[in-house]
Amino acid sequence: MKEGYKLIYQKPKTLRKKRMHYCPGCFHATTHKLTMEVVEELGIQEKTIGVCPVGCSVFAYDYMDVDMQEAAHGRAAAVATGIKRMHPDKIVFSYQGDGDLAAIGTAETIHACNRGENFTFIFINNGIYGMTGGQMAPTTLEGQKTTTSPYGRDPKKVGLPLKMCEIVSQFDAVAYVERVSCNTPANARKAKRAIKKAFEYQIQGLGTTFIEVASNCPSGWKCTPEESLEWLKEKVFPYYPLGIFKNPEEK
Amino acid sequence: MPAKGYVEIFVEGCKGCNLCVINCPTDCLALKTSETNSYGLHYAYMRDEDNCIACQNCAVICPDAAITVYKKAS
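We now turn to the structure provided with this report. Because the structure is a prediction, the values reported are computed rather than measured.

Some details on the overall build of chain A
Consideration 1: Secondary structure assignment for chain A yields nine helices and ten strands.
Consideration 2: In summary, chain A has a C-alpha radius of gyration of 18 Å against a globular reference of 18 Å for 251 residues, a match within 12%.
Consideration 3: Structurally, chain A occupies a C-alpha span of about 50 × 50 × 35 Å along its principal axes.
Consideration 4: Considering chain A as a whole, with its 251 residues, one finds that 55% of them fall into the buried category.
Consideration 5: Taking the contacts inside chain A whose residues are at least 6 apart along the sequence as the reference set, 68% of them involve residues at least 24 apart.
Consideration 6: Side chains of chain A carry 32 positive and 27 negative charges; the gap between the two charge centres is 2 Å.

Structure (structure tokens):
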């Protein structure tokens, strides 16, 4: 440090030193960082238990310095339910991608939300199966080209993209639903605030909290990180609008 | 006007995604395209050390948490 200067921002201590395996510009890494900043700020590192999915973020337990449990594909919500019921005093979150939460794990997700299980979903929606090489996901936009939809997604054959925030905000037992993104520093700060609020509502025991992060996938979308931000603004935000869908303070 | 702050970039942690460069309001950062780190990736560096305003935008947007920000103590 230079003389006369003070430290104002550094990597959170709850994030391990290990280099993340994510592609350059991936919001998975940003979301890991924001989640761990929240854990550090709330001082709940010793009390937090995370559940990893299968997908790009399968190695999240290598990066987050909290207790973590790996779940079978799509079953993170069921595993988190079990952990929270056995340890009601712990803060539990499941960290899932769209292939995990919205495709193979839709049943677990919907029923955990309907029961109002008191844990937090952190849902990364990048509209593609990133880990397996860019196949079509339930959240792939209409007309978007992927390796399994080379002529663009056809809604007549495979339906329209799933809007998970809109779906889970219909359940009475769900306390807090918000869709955020990390495409600008302002939105990243909002995302951090949303995750913090979700953890605080969970500590108060209000019910399920659900944070969707509208994310990018530069490798899967076959573009640079900068172009992926343009795609987010032009195509993703009109279909998946950012904002709060359910707020316990407005009840 | 003297700089209000400065950033340190952890070269081995940087993947050259360019997000900090395009989000810097005073255009202080740039990607070093002539050199790479040990992973073979270009990395960001502080091009202009006189205009940093310590806004933390680069550090907040950096996916790999490679940026540390210092502010002038007043």
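Some thoughts on the nonpolar core
Consideration 1: F93 of chain A together with L29 and I67 of chain B are the most contacted members of the largest nonpolar core, which totals 74 residues.
Consideration 2: Considering every element that reaches this core, the biggest residue donor is helix α8 (residues 185–204) of chain A, with seven residues.
Consideration 3: Contact partners of F93 of chain A, with chain neighbours within four places excluded, come to T35, M36, T48, I49, G50, V51, M64, V66, M68, T120, I122 and F199 of chain A.
Consideration 4: Listed in part, the 22 residues of the second largest apolar core include I83, C113, F119 and V168 of chain A.

Observations concerning the interface of chain B and chain A
Many descriptions give the size of an interface as the accessible area lost when the pieces come together.
Consideration 1: Each partner contributes to the interface: chain B provides 33 residues, whereas chain A provides 32 residues.
Consideration 2: Between chain B and chain A the total buried area reaches about 2800 Å² when both faces are included, carbon and sulfur atoms providing 60% of it.
Consideration 3: When the buried surface of chain B facing chain A is broken down by residue, Y6, K15 and V60 of chain B rank first, second and third, together holding 22% of it.
Consideration 4: Applying the counting criterion to the chain B and chain A interface returns zero salt bridges.
Consideration 5: Our count for the contact surface shared by chain B and chain A stands at 14 residue pairs in polar contact (both at pLDDT 80 or more).
Consideration 6: Contributions of two or more residues to the side of chain B that touches chain A are made by β1 (5–9), α1 (19–23), α2 (57–61) and β4 (67–72) of chain B.
Consideration 7: The element that contributes the greatest number of residues to the side of chain B that touches chain A is β4 of chain B, accounting for six residues.
Consideration 8: Counted by class, the side of chain B that touches chain A contains 19 nonpolar, six polar and eight charged residues.
Consideration 9: Two elements, strand β1 (residues 5–9) of chain A and β4 of chain B, share four bridges in a ladder whose sense is antiparallel. The residue bridging Y9 of chain A from the neighbouring strand is V69 of chain B, located in β4 of chain B.

A look at the state of the cysteines
Consideration 1: Counting across every chain of the model gives zero disulfides over all chains.
Consideration 2: Counting only cysteine sulfurs, C23 of chain A is the nearest neighbor of C26 of chain A, a cysteine outside any disulfide, at a range of 6.3 Å.
Consideration 3: Of the cysteine sulfurs around C55 of chain B, a residue in no disulfide, the closest is that of C58 of chain B, at 6.1 Å.
Consideration 4: Its relative accessible area of 29% is what places C55 of chain B among the partly exposed residues.

Observations concerning the sheet that holds β4 of chain B
Consideration 1: Strand order in the open sheet formed by three strands is β1(A)-β4(B)-β1(B), with antiparallel pairing between adjacent strands. Edge positions in the sheet fall to β1 of chain A together with β1 of chain B, since each of these pairs with one other strand and no more. Averaged over all adjacent pairs, the angle separating strand axes in this sheet is 30 degrees, with direction ignored.

What to know about the side chain of K246 of chain A
Residues and elements named next belong to chain A.
Consideration 1: Its location among the elements puts K246 in strand β10 (residues 243–246).
Consideration 2: Nearest to the buried, unbridged K246 among oppositely charged side chains is D172, at 4.7 Å.
Consideration 3: In this structure the side chain of K246 is engaged in a polar contact, spanning 2.6 Å, whose partner is the backbone oxygen of F171.
Consideration 4: Ignoring any residue separated from it by four or fewer positions in sequence, one finds K246 in contact with S169, F171, D172, V174, A175, Y176 and V177.

Conventions we followed
Residues numbered from 1 in each chain as written. Chains lettered and ligands numbered in written order. Predicted model: local features only at pLDDT ≥ 70, side-chain atom pairs only at ≥ 80, totals over all residues. Heavy atoms only, no water. Helix = DSSP H or I, 4+ residues; strand = E, 2+ residues; numbered from the N terminus. Rg over C-alpha atoms; globule rule 2.2 N^0.38 Å. Buried < 20%, exposed > 50% of the residue type's maximum accessible area, 1.4 Å probe, protein only. Contact = heavy atoms within 4.5 Å. Lys, Arg positive; Asp, Glu negative; His and termini not counted. Charge placed at Lys NZ, Arg CZ, Asp CG, Glu CD. Core = buried A, V, L, I, M, F, W, Y, C linked by side-chain atoms within 4.5 Å. Buried area = accessible area lost by both parts, 1.4 Å probe. Salt bridge = Lys/Arg side-chain N within 4 Å of Asp/Glu carboxyl O. Polar contact = N/O pair within 3.5 Å; in protein donor to acceptor, adjacent residues only side chain to side chain. Nonpolar A, V, L, I, M, F, W, Y, C, P; charged D, E, K, R; others polar. Pairing = 2+ DSSP bridges. Disulfide = S-S within 2.5 Å. Axes fitted to C-alpha atoms, helices over the stretch in contact; angles between N-to-C directions.

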